[in-house]
Amino acid sequence: MLTTLTSAWANLRTRRHLFAGAFVAVALGAALVASMGLGLAAAADPPAGKPQRFAAQPVVVMPHDTLTVEVDRGPRRAHDSKKIPHPQPVDKELLRELAELGTVHRDHLAPDAVGVDASVAAVREVVGDRAQVLTGAARRLANPGAERDAQAVVAVRAMLGTAGGVSAFVAVFVTASTFAFVVALRRREFGLLRLAGATPGRVRRQLFTEALAVGVAASATGCALGSWGAPLLARALIDNGIAPPWFTVNGTGAPQSTYWTSWTYWTSWPFQLAFWTGLFVAIAGAWAASRRAGRIGPVDALRDADVDTDVMPWSRRIVGAALLTLGLGLSVHTLWTDPSALLKRKTYTTQPMILITAAAALAPLLVRPMLRMIRLPGAVGLLVRENAATSVRRTAAVAAPVLVTVALAGSLMGSAESVSAAKAQEANEQTNSQLITTGNELSLTQRPVPGAAALSPSASTAVFVREEGTALVRSEAHAVSDPAALASTSRLPVVSGDIRHLDDRSIVVNEEWEHHRVGDRLTVWLGDGHRTTLRIAAVLAHGTGDNGAYVTMANAGAAPVDRIDVRLTPGASPAAVTDALRAATSGHDVRVRTAAAWLDATHPRVKPQTRQGMLLLLGIALTYTAISLAGTQLMAASVRDGELRALRRAGATPAQVRLMLAGEALVAVAAGTALGLAVTGLNLGGLAAALDLLSPESGAGVGAGLEAEVVVPWGVVSSAVGVCAVVAVGAGVLGAGRGHRNGVSG
């Protein structure tokens, strides 16, 4: 054991140029995991904040804003809860009883909350279970914008969860690949050890000891970097409008310097996860390579160190093929059973990882035939092709992170843009009005409006249904006052029934609902929590998922009108009708726009927050890839001194050597780009097939109004490839060009 430790320490000191790349890869991976984990921890436990509304009153009474329904969970009964959008106001009888205890402060005619100057115990006794009683810091729930901030925190959790998963995927893959490359560069050393009498077990123990040392040091460094990077991540989320302005990384309100020095902070789950993930990846990367190094005989190891042969063990081929089959199988299964699922963010951000991993696992097998097809002019071009083709490990080590970055950029951003484009097209197809008025608490002071053939006021609300008895499902809904006007101002994708038959005792649902047959009666909970039974009047196609339910205003509770669709009479002037609408409409933030302008504003190609979140995620992945490329190129250059000196002695000029090194880097980047685009094509192809199945022509979604338009984000992909090429070429040339030692400099 002592001999192994001594040998490992000596190797770490003398071969630090090799282990530097693995150290940086593990440290950066741990830093990413720690930063994302700290952000998730902060979003899970946001700072309490201070009460603003009714801050002078000791007690605030609010109506219940949560709907709780009993559901089946296996053999037992449980409860499922959802937030309701329009809680009922505090009822008059309760207000009268509270007034007998003390002064009741309110700021609305139909109050959604009241402050009470009375003792907490007395208020609780009077209220019972009829409403919520808030005291202390909990009074902040009555603040203006509290619901908006809560939704922003949920968005932060979703974004960080996605980014954390993608970042962990990139970190684990690239770190394992880098460490395996370190081991591959030392195959000649292992051959000499075997010739000197070292057993396969001795080689494996040495590699494990080195990996353990590098993993511990790098993981600890990564945790420290993560603690520094988490506040920067939080600031980036705030600056890009993803997180609310008060979002902080520690969530305690204590000074950062004090919190970071506490033992509780450094033993929290994000650091535990980051440290052990980094250590596991380092050891796992060494394990896979050490098993193969230990199995090869001394002579084979020496020969294999000069020319890469048999770089794909059967175990890796089997794993890669299995992942490829799984990825393609999942896409086909989803297309067959529920094509609309491929349009959901959870699907198109996670499912591509399987195909990306499969392509990365098979990269050494795929790179060689691709390189053989390349034809470059001149002697330098021949050297570039032959060096890249005979050094498959080095080429694949450069191509793999490029593959991952290109595939992530193309698949994630392309899917987001394609789905957004489909949603925008669907909204355009379903809009049959010329003018749309939006605002808060809209109302028409006069009817009819001159020049308006149909006016369709609507309110945003929600309905809840218990599906299969096991879950309470929320569905976004629109409440309308005139179903006939709705039919005139819209072109909804009706599959069966007639939306004009909608009344106060019925509902319009879509095909995604468990029960969607016209005439069936459903038990639903409305936006204010009331339970009722409604008959299905019409069924809409599912489409992109934006075709929600429709009810009448009588079933919308206190939902305020926020939109009025207007269809003009033939020959009416849009400008004149716009002026008449402005004069006839009261409310807050009233805006009258053409349907085209409203669609452009509300259905952009990708929502700004979504785009910023995607770019932030891809920026993290690209940064990791760039560092990995630089480390790989520098490690590879450190063992090529003899080869480059031989080229100089054979008559190659320093410029030709540099050109050869740059060409090898570009060829490897090109191979990774080609594989990444192939994976992108498979992922976006599945999305295109889903859009095609949901299009009206397919018959699967009559009236859905979708076209199989897929957007490839060439700008983002090109930028990622450009960065990878610059880093790979720069590191490859600079790493090998260290003066007269290798003859690159004249």
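Bear in mind that the values here come from a model prediction, so they are computed numbers and not experimental data. (Residues numbered from 1 in each chain as written. Predicted model: local features only at pLDDT ≥ 70, side-chain atom pairs only at ≥ 80, totals over all residues. Heavy atoms only, no water.)

### Points about the pairing of strand S9 (residues 471-480)
Remember that side chains alternate between the two faces of the sheet whenever the strand is regular. Stated formally: We treat two strands as partners when DSSP finds at least two bridges between them. Starting at the N terminus, helices and strands are each numbered in turn, a helix being any DSSP run of H or I of at least four residues and a strand any DSSP run of E of at least two.
Strand direction decides the pairing type here: strand S8 (residues 452-467) and S9, joined by 10 bridges, are antiparallel. Considered in S9, the bridge of Ser458 is made with Val480. In this antiparallel pair of consecutive strands, S8 and S9, the connection spans 3 residues, and Glu468 shows a positive phi of 55°. Looking at chain direction, S9 and strand S14 (residues 549-552) are connected through 4 bridges and run parallel.

### Some details on the sheet that holds strand S5 (residues 114-116)
The pairing of strands in a sheet happens through backbone hydrogen bonds and is either parallel or antiparallel. The condition is simple: Two residues form a contact once any of their heavy atoms are found within 4.5 Å. Every axis in this analysis is a line fitted to C-alpha atoms, fitted for helices over the stretch in contact. Angles between the N-to-C directions lie between 0 and 180 degrees.
Ordered in space as S4-S5-S1-S6, the 4 strands form an open sheet in which the pairing is antiparallel. Pairing within the sheet leaves two strands with one partner each, and these edge strands are strand S4 (104-105) and strand S6 (132-135). Running over the sheet, helix H4 (residues 120-127) touches strand S1 (59-62), S5 and S6 and is turned about 170° from S6.

### What about the packing of helix H22 (residues 641-649) against helix H23 (residues 654-693)?
A pair of packed helices can be characterised by two numbers: the angle between their axes and the separation between those axes. Note the threshold: Working rule for angles: under 35 degrees goes down as roughly parallel, over 145 as roughly antiparallel, 65 to 115 as roughly perpendicular, anything else as oblique. A clockwise turn of the near helix away from the far one marks a right-handed crossing, whereas an anticlockwise turn of less than a right angle marks a left-handed crossing. Classification convention: Asp, Glu, Lys, Arg as charged; Ala, Val, Leu, Ile, Met, Phe, Trp, Tyr, Cys, Pro as nonpolar; all other residues, Gly among them, as polar.
One way to put it is that H22 packs onto H23 with a least axis distance of 10 Å and a crossing angle of 135°. Taken together, the axes of H22 and H23 lie oblique to each other. In this structure, H22 crosses over H23, and the sense of that crossing is right-handed. Between H22 and H23, the contacting residues are Leu644, Leu647 and Arg648 on the first element and Pro654, Val657, Met660 and Leu661 on the second. Split into classes, the residues belonging to the contact of H22 with H23 amount to 6 nonpolar, no polar and 1 charged.

### With respect to unusual backbone geometry
Put simply, the test is: Summary of the burial criterion: residues with accessible area below 20% of their type's maximum are buried, those above 50% are exposed, and those between are partly exposed, where the area comes from a 1.4 Å probe applied to protein chains only.
For Phe54, which is not glycine, the phi torsion reads 60° and is therefore positive. One can find Phe54 in the loop between helix H2 (16-44) and S1. A positive phi angle, close to 55°, is found at Glu468, a residue other than glycine. If you trace the backbone, Glu468 turns up in the loop between S8 and S9. The exposed category is assigned to Glu468, whose relative accessible area is 63%.

### Digging into the confidence of the model for the protein chain
Rules: Each residue carries a pLDDT score, the predictor's own confidence in it, on a scale running from 0 to 100.
For the protein chain, per-residue confidence averages 80 on the pLDDT scale, and 84% of positions sit at 70 or higher. Taken as a whole, residues 251-258 scores under 50 in pLDDT and shows 5 contacts with residues more than four places along the chain or in a different chain. In this model residues 697-705 is a low-confidence stretch, pLDDT under 50, and it forms 29 contacts with partners more than four residues away in sequence or in other chains.

### Re the pattern of salt bridges
Let me state the cut-off plainly: What makes a salt bridge here is a side-chain nitrogen of Lys or Arg within 4 Å of a carboxyl oxygen of Asp or Glu, nothing more.
Enumeration according to the criterion identifies 17 salt bridges in this entry. The partner of Arg77 in a salt bridge is Glu70, with the nearest N and O atoms 3.2 Å apart. Note on Arg77: relative accessible area 45%, which makes it partly exposed. Residue Glu70 is classed as partly exposed on the basis of its relative accessible area of 37%. Here Glu97 makes a salt bridge to Arg130, at a shortest N to O gap of 2.8 Å. Of the two residues, Glu97 is situated in helix H3 (residues 92-99) and Arg130 in the loop between H4 and S6; the sequence distance between them amounts to 33 residues. One salt-bridge network, held together by shared partners, links Glu70, Asp72 and Arg77.

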